[in-house]
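Here is how the chains run, residue by residue.
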Amino acid sequence: MTAIQANLEASSERYSATFTKGHLALPPSKKYLVLTCMDARIDPAAAFGIELGDAHVIRNAGASAVDALRSIIISEHLLGTTEILLVKHTGCGMLTFTNPDAYALVEQRLGADASAELKAKNLDFLAFPDLEEAVRKDVEFLKASKLVPDEVVISGWVYEVDTGKTRRVV
């Protein structure tokens, strides 16, 4: 067992010893979802005031709406959410590379076969060069999607990792 696994096991024991929220319903009680980045410097519950059971939190590299669409559809159509808060952040790694950079890195580390597999699958790493434009683009993507009901409220935000503040973009 690794140290990380041992920590998970010990933390789970401590958490479950006083856990009293097993009665919460499956759908989020406040009927919204937050799409944010997987960056370890973001604590969505603390930063965005989310209590256990309030909301769905979807995390992926760069808070990509394209990448999260499957989960968004499930959240809205099967579990009743009616609002989306899309939150990207300053200092995001997705601002630092392009698809060719990522393909080259994979090839360097795993060989040409792995890189060829990525290219054959047309894997887009969904990097972006401009943070606020990426927020606007993802919000527009969601609003234009026929898979997201028109009545779903969608807003776009930027979380500042240096200050902990969140500001609205759109």
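See the structure above.
Residues numbered from 1 in each chain as written. Predicted model: local features only at pLDDT ≥ 70, side-chain atom pairs only at ≥ 80, totals over all residues. Heavy atoms only, no water.

A. Fine view of the overall build of the chain. When you go through the chain residue by residue, the secondary structure sums to 6 helices and 5 strands. Tracing the chain from N to C terminus, the helices and strands come up as α-β-α-β-α-β-α-α-α-β-β. In the chain, which comprises 170 residues, the share counted as buried stands at 32%. Pairs at least 24 residues apart make up 67% of the contacts formed inside the chain by residues separated by at least 6 positions. When the accessible surface of the chain is summed, it comes to about 10600 Å², and 56% of that surface belongs to carbon and sulfur atoms. Computed over 18 positive and 23 negative side-chain charges, the separation of the two mean positions in the chain equals 3 Å. (Helix = DSSP H or I, 4+ residues; strand = E, 2+ residues; numbered from the N terminus. Buried < 20%, exposed > 50% of the residue type's maximum accessible area, 1.4 Å probe, protein only. Contact = heavy atoms within 4.5 Å. Areas by Shrake-Rupley, 256 points an atom, 1.4 Å probe, with all protein chains shown as cover. Lys, Arg positive; Asp, Glu negative; His and termini not counted. Charge placed at Lys NZ, Arg CZ, Asp CG, Glu CD.)

B. Molecular detail of the pattern of salt bridges. Inspection of every chain in the model, using the stated rule, returns 8 salt bridges. A salt bridge links Asp39 to Arg41; its shortest N-O distance comes to 2.7 Å. The class for Asp39 is buried, based on a relative accessible area of 15%. Here Arg41 falls in the partly exposed class, since its relative accessible area comes to 45%. One salt bridge connects Arg136 with Glu132, and the closest N-O pair in it is separated by 3.9 Å. Here Glu132 and Arg136 lie together in helix H6 (residues 131–144), a separation of 4 residues that amounts to about one turn. For Arg136, a relative accessible area of 30% puts it in the partly exposed group. We classify Glu132 as partly exposed; its relative accessible area is 30%. Bridged by salt links that share partners, the residues Glu132, Glu133, Arg136, Glu160 and Arg167 form one connected network. (Salt bridge = Lys/Arg side-chain N within 4 Å of Asp/Glu carboxyl O.)

C. Structural detail: the nonpolar core. The biggest cluster of nonpolar side chains holds 31 residues, and the ones touching the most others in it are Leu35, Phe48, Ile72, Ile84, Leu142, Val148 and Ile154. Sequence-distant contacts of Phe48, that is, excluding residues within four places in its chain, are made with Val34, Thr36, Ile42, Val87, Tyr159 and Thr166. (Core = buried A, V, L, I, M, F, W, Y, C linked by side-chain atoms within 4.5 Å.)

D. Structural detail: the packing of aromatic side chains. For the coordinates displayed, the defined rule picks out 4 aromatic pairs. Ring geometry for Tyr103 against Phe125: centres 5.9 Å apart, planes inclined by 70°, an arrangement best described as edge-to-face. A residue pair is termed long-range when its members are at least 10 positions apart, and Tyr103 in helix H4 (residues 99–110) and Phe125 in the loop between helix H5 (112–120) and H6 qualify at 22 residues. An aromatic cluster of three or more residues is present, and its members are Phe97, Tyr103 and Phe125. (Phe/Tyr/Trp six-rings, centres within 6.5 Å; stacked < 30°, edge-to-face > 60°.)

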